[in-house]
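Each chain, written out:
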Amino acid sequence: MLKKYYYQFFLLALAFILFYNDDYKIIIVGVAIFFVGMLFMEEGFKLFNSGLLEKVLQVSTNTIPKAIGTGVIATAITQSSSLISIIIISFLSAELITLSGAVGVIFGSNVGSTTTAWIISSLGVKIDIATYAMPLIIFGVALKFSSNKNYQGIGKIVLGLGFILLGIDYMKDGFEGLESRFDLSKFAVEGYFGALVYVSLGVAATVIMHSSAATMALIITALATNQIIYINAVELVIGANIGKTITAVLGAIASNANGKRVALSHFIFNAVTAVVAVIFLYQLSDFVIFLASKIGIADNNYGMKLALYHTIFNILGVILISPFMHQFVKYLETLFLEENKLTPKPLYLDNVVINVPHAAIESIRKETIHLYDSAIEAISHSMFLHRHDFIKSTDIANAVKNSDMSIDEDINESYANKIKSLYGEIIHYATLSQENMNEEDQDRVYNLKLASRDIVEAMKNMRDLQKNISYYSKSRNTYIQEEYNNLRLYIAKTIDAIEKLKEHDDDLDTISSIELLKENTKALDDIKNSRIDALIRENKIDSKMATSLINDSAFAYDVTQKLIQVATILWIKDIDIRTLGAKR
């Protein structure tokens, strides 16, 4: 009951705080403005990079050191570990990067996110940042209304930065006002009990606000106005590091297996780092104070010392866990395995990544290939063939002739249980993903939707074929039996040829193979024409057989053409939608 209304209780509590004290109101307003700024910056980077960030992440994660370095740099630039996490999960879901590469980026992202503390401590509490925030907001709004998408993206980034600085200024003013009325530092708790209390508060604050950056801004401004002591601020930072992973874990519950693995790796990394940081709390704190004196940080500049501590203990976590990365990834791969694979479920469609165009397209393509593989299995069984019997076989005709007619495959059941729901998931996901894409990307997704539809249409044609294949392949009339074996042979050869062309890296080779395949399948039309006429004239088949054969040869021809069209879309990288439409 309480769970159902917790949000309403939260709003009531928030309203009470706002009316209870003006200083609290200013602090909360500052947090709210800070949030708005973070959202604008994240949206701006999504709009401005035009796939550049995704491409950089894709090619920079093939080794663990590169992946960690990429995570550090990308997060430091974007100031959004959540944006980097979304892109990484999307690439992992689409199998564009390895799990070890994704985990490496997440580890690096933890270090990169510490730049937020450096920015706030070096600027936010020393100067009148509202003076700089106002021009940024003005120019950000002006750029946001540009017709150029790059300018729009820059505008949102500048606008977001302006709101972030303004939010920090409000928080600082709120704490300074609070200082004259209350001395929160009187509630300081030292020792390991204090560590437990303040780490827990840091976790709770970050989970509630869903932003470690906002928590860091609060901690640093509170520290700068002497509302908390340095050691408690350190403990709050440790808690904030754990809290941001809990948010990620909760968000990954509805994600696919890879999304859950990445979220869990993030939690394990931060939890292990936090435990080490708490155990060596005072030793590490003393080391930071010593190092700060050596690099020119003033003794009373606790904000900068806190930023240094945040960076050092995250680097320490990377140093501690990186040597065990291989074993760690192996362990993650044993988790969240599919228990029931009888009914195909989406393997690559993940709502976490739907707003990242490049990765979303690749996810849809991979899922369409998954649909194709499931359909090919059902189509093969409906022809009383196992795929391993004829794919890459040197004698497909013999495989068809000696096929296992005892295979029990109801293609209607396969369509209903294995194909229909998966097809629906692809279409639904693809349609939603197109909302955030440019025209070229939308065309690519449209092609993939056509491919999915062709796969389903091929299944429906096989549904009409299966009954007569079963009946006439067992007929005592060897002529009609041979003709239906020919139908199976042409479909099997088409499937086999498509499997071979998958291995071509060059689009020109693939196109040549597809054109040759189209020519070969035209032989199916001969069955409808001269060959059937000859069989009828020579009284080798009766009129009922002839009618069935004419209809079924048309179905078989349609199956091969649909599969070839699917292959064209899935395995040729650059497809002109207009040319494709003209051919249809």
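Just above sits the structure.
Here is a short report on the structure shown in this document.

### Side note on a nonpolar patch on the surface
Taken together, F16, I17 and Y20 make up a surface patch of nonpolar side chains, about 350 Å² in accessible area. Along the chain, the position of Y20 falls in helix 1 (residues 6-20).

### Quick look at the nonpolar core
Core analysis: the biggest nonpolar cluster contains 93 residues, and M462 and I491 have the highest contact counts within it. In terms of residues, this core owes the most to one element, helix 21 (residues 439-472), which gives 12 residues. Setting aside residues up to four positions removed in sequence, M462 forms contacts with I379, S382, M383, I411, I469, I491 and V559. Among the nonpolar cores identified, the runner-up in size contains 48 residues, and M38, A195, L223 and I312 belong to it.

### With respect to the packing of helix 21 against helix 25 (residues 543-571)
Packing of helix 21 against helix 25 leaves a shortest axis separation of 8 Å and a crossing angle of 155°. The angle between helix 21 and helix 25 places the two elements in the roughly antiparallel class. You can see that helix 21 and helix 25 cross each other, and the crossing is left-handed.

### Looking at helix 17 (residues 357-382)
Relative to the 38 Å expected for 26 residues at 1.5 Å per residue, helix 17 spans 37 Å between its end C-alpha atoms, a close match to the ideal helical length. Along helix 17, 23 of the 26 residues are buried, which leaves the element largely enclosed by surrounding structure. F384, located one to two residues past helix 17, shows a positive phi value of around 65°.

### Regarding the packing of aromatic side chains
Evaluation of the coordinates by the stated rule reveals 8 aromatic pairs. Look at F40 and F163: their rings are 5.9 Å apart centre to centre, the planes differ by 20°, and that puts the pair in the stacked class. With a gap of 123 residues between them, F40 in helix 2 (residues 22-48) and F163 in helix 9 (residues 149-179) connect regions that are remote in the sequence. Here the aromatic rings of F107 and F269 are separated by 4.4 Å at their centres, their planes lie at 25°, and the arrangement is stacked. Remark: F269 occurs in helix 13 (residues 257-279) and F107 occurs in helix 6 (residues 99-112); sequence separation between them is 162 residues. Since its relative accessible area comes to 0%, F107 is described here as buried.

Thresholds, definitions, all that
Residues numbered from 1 in each chain as written. Predicted model: local features only at pLDDT ≥ 70, side-chain atom pairs only at ≥ 80, totals over all residues. Heavy atoms only, no water. Patch = residues over 30% accessible without salt bridge, like charges linked within 9 Å, V, L, I, M, F, W, Y side chains within 5 Å. Areas by Shrake-Rupley, 256 points an atom, 1.4 Å probe, with all protein chains shown as cover. Salt bridge = Lys/Arg side-chain N within 4 Å of Asp/Glu carboxyl O. Helix = DSSP H or I, 4+ residues; strand = E, 2+ residues; numbered from the N terminus. Core = buried A, V, L, I, M, F, W, Y, C linked by side-chain atoms within 4.5 Å. Buried < 20%, exposed > 50% of the residue type's maximum accessible area, 1.4 Å probe, protein only. Contact = heavy atoms within 4.5 Å. Axes fitted to C-alpha atoms, helices over the stretch in contact; angles between N-to-C directions. Parallel < 35°, antiparallel > 145°, perpendicular 65-115°, else oblique. Left-handed = near helix turned anticlockwise from the far one by under 90°. Expected span 1.5 Å × (residues − 1). Phe/Tyr/Trp six-rings, centres within 6.5 Å; stacked < 30°, edge-to-face > 60°.

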